[in-house]
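Structural characterization, general
Next come the chains, spelled out residue by residue.
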Amino acid sequence: MREREQEREREREQERARKRGGGRGAYHHGALPEALVAAAFEVLDEQGQEKVSVREVARRAGVSAGAPFRHFADRQALLTALADRVLADFVRWQEAQVAAAGPDGRSVMRAIGLGVVRYVLRHPRRFELVRSRVFAAARDPELSERLDGIDRVFTDLIVADQEAGLLRPGDPALVGLAGQALVYGLAQMILDGYLPAAAAEELACQVMDTFGQGIANHPSP
């Protein structure tokens, strides 16, 4: 009985691997690294980065425990590849958020900030992984190219909004840092449960609008 159940479990694992496009037949075409990252993505969404292990990822991909080491030196290398995948997913998400906002006369920064909050609400474990690898004393060198590209796009958007009169003139880097600090704080409050998920998006909108208007009182001369 136990052997039959184990065999059924192996068949289920192989079927899941085939559905992910990561069956053994595809490995001859160089698809194993992608299948492993896809399996790691599943574990991340289900249980968080602490549960992402080389052994579990190999099991889900339907390969031997040693197979992943042909492509990833260790667990940290696998997590770095996973973080890169999450960042790519996040960029696509933000592009869709900006496109959905449309030309509403507001700064693109607002759409981006709200996009971050929405992403955190939907994918908190993905954000936690990225946070641990991006908002740190030193970024992963393997992520530098993608992160530098994101920073350049963000700066260009700020400059464009400044030139359009939607943002005040000023150092784009400082404006971007202020926006990041605000949104990062909101995201952390959501993750910590300080902002209840049911009200987080509405509160974030109000906070970003307040930030956009400025809170300093400038009396007339």
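Summary of the structure given here. Bear in mind the structure is a predicted one, so any value in this text is a computation, not a measurement.

**Section: the overall build of the chain**
- Looking only at helices and strands, one finds 10 helices and zero strands in the chain.
- Along the chain direction, N to C, the helices and strands of the chain fall in the order α-α-α-α-α-α-α-α-α-α.
- The buried share of the chain, taken over its 221 residues, is 36%.
- Residue pairs at least 24 apart in sequence account for 65% of intrachain contacts in the chain once pairs closer than 6 positions are excluded.
- Accessible surface computed for the chain: about 13200 Å², of which carbon and sulfur atoms make up 55%.

**Thoughts on the packing of aromatic side chains**
- Evaluation of the coordinates by the stated rule reveals three aromatic pairs.
- With a centroid separation of 5.8 Å and an interplanar angle of 65°, the aromatic rings of Trp93 and Tyr119 are classed as edge-to-face. Residue Trp93 is found in helix H5 (residues 75–101), and its partner Tyr119 is found in helix H6 (residues 108–122); the two are separated by 26 residues along the sequence.
- Taking 4.7 Å as the distance between ring centres and 45° as the angle between the ring planes, the aromatic pair formed by Phe135 and Tyr184 counts as tilted. Remark: Tyr184 occurs in helix H9 (residues 172–191) and Phe135 occurs in the loop between helix H7 (124–134) and helix H8 (144–163); sequence separation between them is 49 residues.
- You can call Phe135 partly exposed: its relative accessible area is 41%.
- For Tyr184, a relative accessible area of 27% gives the class partly exposed.

**Digging into the packing of H7 against H9**
- Contact geometry for H7 and H9: axes closest at 11 Å, N-to-C directions at 125°. By the angle between their directions, the pair H7 and H9 is classed as oblique. Where H7 crosses over H9, the two elements pack in a sense that is left-handed. In this structure, H7 uses Pro124, Phe127, Glu128 and Arg131 to contact H9, whose residues at the interface are Tyr184, Ala187, Gln188 and Leu191.
- Of the residues in the contact of H7 with H9, the class split is five nonpolar, one polar and two charged.

**Regarding the nonpolar core**
- Residues Val52 and Leu82 are the most contacted members of the largest nonpolar core, which totals 43 residues.
- Looking at this core, the elements that each hand over two or more residues are helix H3 (32–47), helix H4 (54–61), H5, H6, H7, H9 and helix H10 (197–213).
- At eight residues, H3 tops the list of elements feeding residues into this core.
- In this structure, Val52 is in contact with Ala40, Val43, Leu44, Val57, Arg75, Leu78, Leu79 and Leu82, ignoring residues within four places of it in sequence.
- Listed in part, the six residues of the second largest apolar core include Val108, Met109, Phe154 and Leu167.

Reading the values: the criteria
Residues numbered from 1 in each chain as written. Predicted model: local features only at pLDDT ≥ 70, side-chain atom pairs only at ≥ 80, totals over all residues. Heavy atoms only, no water. Helix = DSSP H or I, 4+ residues; strand = E, 2+ residues; numbered from the N terminus. Buried < 20%, exposed > 50% of the residue type's maximum accessible area, 1.4 Å probe, protein only. Contact = heavy atoms within 4.5 Å. Areas by Shrake-Rupley, 256 points an atom, 1.4 Å probe, with all protein chains shown as cover. Phe/Tyr/Trp six-rings, centres within 6.5 Å; stacked < 30°, edge-to-face > 60°. Axes fitted to C-alpha atoms, helices over the stretch in contact; angles between N-to-C directions. Parallel < 35°, antiparallel > 145°, perpendicular 65-115°, else oblique. Left-handed = near helix turned anticlockwise from the far one by under 90°. Nonpolar A, V, L, I, M, F, W, Y, C, P; charged D, E, K, R; others polar. Core = buried A, V, L, I, M, F, W, Y, C linked by side-chain atoms within 4.5 Å.

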